[in-house]
Amino acid sequence: MVHGEAIPSLIWDGKSGQWTAREALPPPVPPRYLGDVATGVRAGVPEVIRQTLGRLADVRTKTIEKPKPFNKTVKDYKAAHKVNPASSIAEKLAKAREDRRPFVRGARDASENFGEGADRQAVRENFDGARKIEYEEPVRDESGKPVLGDDQKPVTKKKEIHLPRLRESTPENPNPLDLEGLGPGNGNDQSYQVWEIDPAKAAATSSWRPRAAWKPNSGKGSSLTPMDRPRG
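Residues numbered from 1 in each chain as written. Predicted model: local features only at pLDDT ≥ 70, side-chain atom pairs only at ≥ 80, totals over all residues. Heavy atoms only, no water.

Considering the packing of helix 1 (residues 47-63) against helix 3 (residues 87-126)
Then, number 1: Orientation of helix 1 relative to helix 3, taken along the N-to-C sense of each, is 155°, at an axis distance of 8 Å. Between helix 1 and helix 3, the interaxial angle falls into the category roughly antiparallel. When you trace helix 1 past helix 3, the crossing you get is left-handed. Contact with helix 1, carried on its side by Ile-49, Leu-53, Leu-56, Ala-57, Val-59, Arg-60 and Thr-63, involves Gly-106, Ala-107, Ala-110, Ser-111, Asn-113, Phe-114, Gly-117, Ala-118 and Gln-121 of helix 3 and no other residues of that element. (Axes fitted to C-alpha atoms, helices over the stretch in contact; angles between N-to-C directions. Helix = DSSP H or I, 4+ residues; strand = E, 2+ residues; numbered from the N terminus. Parallel < 35°, antiparallel > 145°, perpendicular 65-115°, else oblique. Left-handed = near helix turned anticlockwise from the far one by under 90°. Contact = heavy atoms within 4.5 Å.)

A short note on unusual backbone geometry
Then, number 1: The step from Asn-175 to Pro-176 runs through a cis peptide bond, and the omega angle for that step is 15°.
Then, number 2: Examined against the element boundaries, Pro-176 turns out to sit in the loop between strand 4 (156-162) and strand 5 (193-196).
Then, number 3: Its identity as a non-glycine residue notwithstanding, Gln-152 has a phi of 65°, on the positive side.
Then, number 4: For Gln-152, the location among the structural elements is in the loop between strand 3 (132-138) and strand 4.

Regarding the confidence of the model for the protein chain
Then, number 1: Mean pLDDT over the protein chain stands at 78; residues scoring 70 or higher make up 76%.
Then, number 2: Contacts from residues 202-232, a stretch scored under 50 in pLDDT, to residues over four places away or in other chains number 98 contacts. (pLDDT = per-residue confidence, 0-100.)

What about the environment of Glu-134?
Then, number 1: Checked against the element boundaries, Glu-134 lands in strand 3.
Then, number 2: Assessed through its relative accessible area of 52%, Glu-134 is described here as exposed.
Then, number 3: Along the sequence, Glu-134 and Lys-159 sit 25 residues apart, while their C-alpha atoms lie 5.9 Å from each other.
Then, number 4: Glu-134 has contacts with Gly-35, Lys-159 and Glu-160, leaving out every residue within four places of it along the chain. (Buried < 20%, exposed > 50% of the residue type's maximum accessible area, 1.4 Å probe, protein only.)

A word on the packing of aromatic side chains
Then, number 1: If you walk through the whole model with that rule in mind, you get one aromatic pair.
Then, number 2: Between the aromatic rings of Phe-70 and Phe-103, the centroid separation amounts to 4.9 Å while the plane-to-plane angle is 25°, which identifies the pairing as stacked. Separated by 33 residues along the polypeptide, Phe-70 in helix 2 (residues 68-83) and Phe-103 in helix 3 bring together distant segments of the chain.
Then, number 3: Using a relative accessible area of 25% as the deciding quantity, one classes Phe-70 as partly exposed. (Phe/Tyr/Trp six-rings, centres within 6.5 Å; stacked < 30°, edge-to-face > 60°.)

Here is the structure:
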């Protein structure tokens, strides 16, 4: 807030080479999923991984509670500013938001660290060279439009793919790849883990961004719960 006026949220537009309002950018291309939801289980997950994910989940649970006491203060000042948009109230609202900011940032970082750990385990469980994905895809005409049947519903065709095996990770050549400083930061609608598949199978890279959850399991540890389907 500057003199009671909200400052627009700016983002760098690489195509135009200039800063632009976030609201002016087009929405991200929606993901395309293949197959059914994949579900992970505790059985077979090494103890060290279960402990690591459990610690990340605990940190996240505690950290996301910390901004909540500040939320009421911000909410009250927003309501007051709506009734009386005086600069003094706007300044108090801005300060309340600033006081809350580090706790919100901490909750975000804890959530991303937790998600990164769960994502890695989900990828390793599914990309073993043996898993097969069956899915249906709409048939399209030359212009790219779905072909409709006699019932005016899209005609679909069954397809099948085999998920490749991941390349072995080593300290000298980690997998997933170390993208520090080479790609976008974490955020919505981004593939921020890039994995290499076994070069004996094919020379290619694969990006993956499942959403997975690791939660307490009846006091007996933690369990990996349903994640999103592979993106095509």
